[in-house]
Amino acid sequence: MTKKELNESTAYLQSKGFDKPEIGIVLGTGLGKLADQIEDPIVAHYNHIPFFPLATVEFHSGKLIYGTIEGKKVVVMQGRFHLYEGYDFIDVTYPIRVMHQLGIEKLFISNAAGAINLDFKKGDLMLIEDHINLQGGSPLAFKSVGEYGERFADMAEPYDVDMRQKLVAIAKNENITLRQGVYASVVGPQLETKAEYRMLGILGADAVGMSTVPEVIVANHLNLPIVAVSVLTDECDPDNLKPVNVEEIIEVANKAEPKMVKLFKELIKKI
Ligand code: HPA
């Protein structure tokens, strides 16, 4: 990644009409439906954006969509890059930097995660209050990071308090159960062992997933306020662990999708 590459990616999108979006939104596994709510959409496939990470075969549908939701200009990432696909930390956070260069002032993130806190149930949504980075690296560990911001980025409050409070109020109003907790990020793609789930609970995690944290670190580095919500797709009970069923994970994420769409739409209205 160089500044010149970022500028070229940004210029390409601007030339397609991506004009000063206010909000960037990352849509996770099975949460793509918010994209259907975008008015006057302009679509840019990842594979067509200069210097964007090259999409894998199974990921050919990845695209950036620009348009308006609730009267606000948004840019939506439909599909994200994961470390488990072989991308590095710079790749997976490159789109965040591009959306920042386009002008976004806030970032919304969604993902699918496993519930470590067994008071939380499959299908619940969880507002991320804080995180634990267990991915063994950082998207800020590169030589020229000083050209992009403070090397020792502060992580005292990585998730914006005001937007979190707004989401809690919205959820209450809409009768949507919104848990709150700590998200631990792992590389994957293998799921965790019983011993690992037990460890994650002891460490203070309420949920575990394979994304989001690198994006949040970079957004903090760029002083972008973030709000992030997980769909809890499976219950990670080390004493009753059943083999993972990826189809079921996707099904649970899909079922929870309308709740996530509602929360995000209302939040867009209120900021
Ligand atoms: N572990 C890691 N990532 C996940 C899980 C899990 O149990 N469920 C959904 N994403």
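Cut-offs and rules
- Counting from 1, residues in each chain are numbered in the order their sequence is written.
- Given that the model is predicted, a residue must reach a pLDDT of at least 70 before its local features are reported, and side-chain atom pairs must reach 80 or more before they are shown or counted; all residues, however, enter totals for whole chains, interfaces and linings.
- The side-chain figures draw on all heavy atoms in the structure; neither hydrogens nor water molecules are used.
- Think of a 1 Å grid over just the protein atoms. A cavity is a set of points where a 1.4 Å probe fits yet cannot get out, a pocket is an open set with protein on both sides within 12 Å along at least five of seven lines, and lining residues have an atom within 4 Å of a point.
- Grid points are joined across faces, edges and corners, and a volume is the space filled by probe spheres set on the points.
- Polarity classes work like this: nonpolar for Ala, Val, Leu, Ile, Met, Phe, Trp, Tyr, Cys and Pro, charged for Asp, Glu, Lys and Arg, and polar for all others, with Gly in that last group.
- Labels follow the DSSP assignment, with helices taken as runs of H or I lasting at least four residues and strands as runs of E lasting at least two, numbered in each case from the N terminus.
- Buried residues are those whose accessible area, probed at 1.4 Å on protein chains only, stays under 20% of the maximum for their type, while exposed residues exceed 50% and partly exposed ones sit between those limits.
- The nonpolar core is taken to be a set of buried Ala, Val, Leu, Ile, Met, Phe, Trp, Tyr and Cys residues, with the residues joined through side-chain atoms within 4.5 Å.
- Throughout, a contact is declared for two residues whenever any of their heavy atoms are within 4.5 Å.
- When we say a residue is near a molecule or strand, we mean one of its heavy atoms is within 4 Å of it.
- We define a polar contact as two N or O atoms separated by no more than 3.5 Å, with the added condition that, inside protein, one atom must be a possible hydrogen donor and the other a possible acceptor, whereas residues neighbouring each other in sequence contribute only through side-chain atom pairs.
- Surface exposure here means Shrake-Rupley accessible area, sampled with a 1.4 Å probe, where a residue is shielded only by the protein chains that are shown.

Engineer: Describe empty space enclosed by the protein, naming the residues involved and giving the relevant values.
Structural biologist: Counted by the stated rule, this structure contains two cavities of 30 Å³ or more. Quantified by volume, the largest cavity comes out at close to 40 Å³. Around the largest cavity, the lining residues are Phe81, His82, Leu83, Val92, Gln135, Met210, Ser211, Thr212, Pro214 and Glu215. When grouped by side-chain class, the residues that make up the lining of the largest cavity number five nonpolar, four polar and one charged. Within this model, the second largest cavity holds a volume of roughly 40 Å³. Every residue lining the second largest cavity is listed: Leu27, Leu31, Leu34, Glu257, Met260, Val261 and Phe264. If you tally residues by element for the lining of the second largest cavity, the top one is helix H6 (residues 246–270), at four residues. Within the lining of the second largest cavity, the residues separate by chemical class into six nonpolar, no polar and one charged.

Engineer: Explain unusual backbone geometry to me, using residue names and the numbers behind them.
Structural biologist: Residue glycine 188 is joined to proline 189 through a cis peptide bond whose omega torsion reads 0°. Note that proline 189 resides in the loop between strand S7 (178–185) and helix H4 (194–203). You will see that lysine 20, though not glycine, has its phi angle at about 45°, which is positive. Examined against the element boundaries, lysine 20 turns out to sit in the loop between helix H1 (3–15) and strand S1 (23–27). On the basis of relative accessible area, lysine 20 is assigned to the exposed category, the value being 59%. Positive phi is not limited to glycine here, since aspartate 40 has a value of about 50°. Looking at where aspartate 40 falls in the secondary structure, it is placed in strand S2 (residues 39–45). Judged by its relative accessible area of 65%, aspartate 40 falls in the exposed class.

Engineer: Describe the nonpolar core, with residues and values.
Structural biologist: Within the largest apolar cluster, 47 residues are counted, with the highest numbers of intra-cluster contacts made by Leu13, Phe18, Phe52, Leu64, Met99 and Leu107. Elements that contribute at least two residues to this core include exactly H1, strand S3 (63–69), strand S4 (72–78), helix H2 (89–102), strand S5 (106–115), strand S6 (125–133), helix H5 (213–221) and strand S9 (226–235). In terms of residues, this core owes the most to one element, H2, which gives seven residues. Discounting residues that sit within four places of it in the chain, leucine 107 has contacts with Gly24, Ile25, Val26, Ile96, Met99, Met163, Ala219, Leu224, Pro225, Ile226 and Val227. Leu27, Leu125, Val229 and Met260 belong to the second largest nonpolar core, which has 30 residues in total.

Engineer: How would you sum up the site of the ligand? Please name residues and give values.
Structural biologist: Looking at the ligand, the residues that line it are Ala112, Ala113, Gly114, Leu191, Glu192, Tyr197, Val208, Gly209, Met210, Thr233, Asp234 and Cys236. Glycine 114 places a polar main-chain atom, nitrogen or oxygen, 3.2 Å from a nitrogen atom of the ligand. Aspartate 234 places a polar side-chain atom, nitrogen or oxygen, 2.8 Å from a nitrogen atom of the ligand. When the ligand sits alone it has 260 Å² of accessible area, and the protein chains cover 94% of it. If you list the elements that add at least two residues to the shell around the ligand, you get S5, strand S8 (207–209) and S9. Of all the elements, S5 adds the most residues to the shell around the ligand, at three residues. Among the residues making up the shell around the ligand, the classes are represented as seven nonpolar, three polar and two charged.

Engineer: Go over the side chain of lysine 72 with me, naming the residues and quoting the values.
Structural biologist: Inspection of the secondary structure puts lysine 72 in strand S4. Within the structure, the side chain of lysine 72 is placed 3.5 Å from the backbone oxygen of lysine 269, a separation counted as a polar contact.

Engineer: Talk me through the environment of histidine 45; I want residue IDs and the actual numbers.
Structural biologist: You can see histidine 45 is positioned in strand S2. Judged by its relative accessible area of 33%, histidine 45 falls in the partly exposed class. Sequence-wise, histidine 45 and methionine 77 are 32 residues apart; in three dimensions their C-alpha atoms are separated by 9.9 Å.

Engineer: Lay out the environment of glycine 67 with the relevant residues and their values.
Structural biologist: Topologically, glycine 67 is positioned in strand S3. A residue is classified by how much of its surface remains accessible, and glycine 67, at 2% relative accessible area, is buried. Residues glycine 67 and lysine 106, 39 residues apart in the sequence, show an inter-C-alpha distance of 15 Å. Glycine 67 has contacts with Ile38, Glu39, Asp40, Lys72, Lys73 and Val74, leaving out every residue within four places of it along the chain.

Engineer: Could you give an account of the layout of surface pockets, with specific residues and numbers?
Structural biologist: In this model, the second largest pocket occupies a volume close to 380 Å³. What lines the second largest pocket is a set of 18 residues, and nearest its centre among them are Asp234, Glu235, Leu241, Lys242 and Pro243. Those elements giving two or more residues to the lining of the second largest pocket turn out to be S9 and H6. Each residue belonging to the lining of the second largest pocket can be placed in one class, and the counts come to seven nonpolar, three polar and eight charged.

Worth remembering: the numbers are spatial, not functional.
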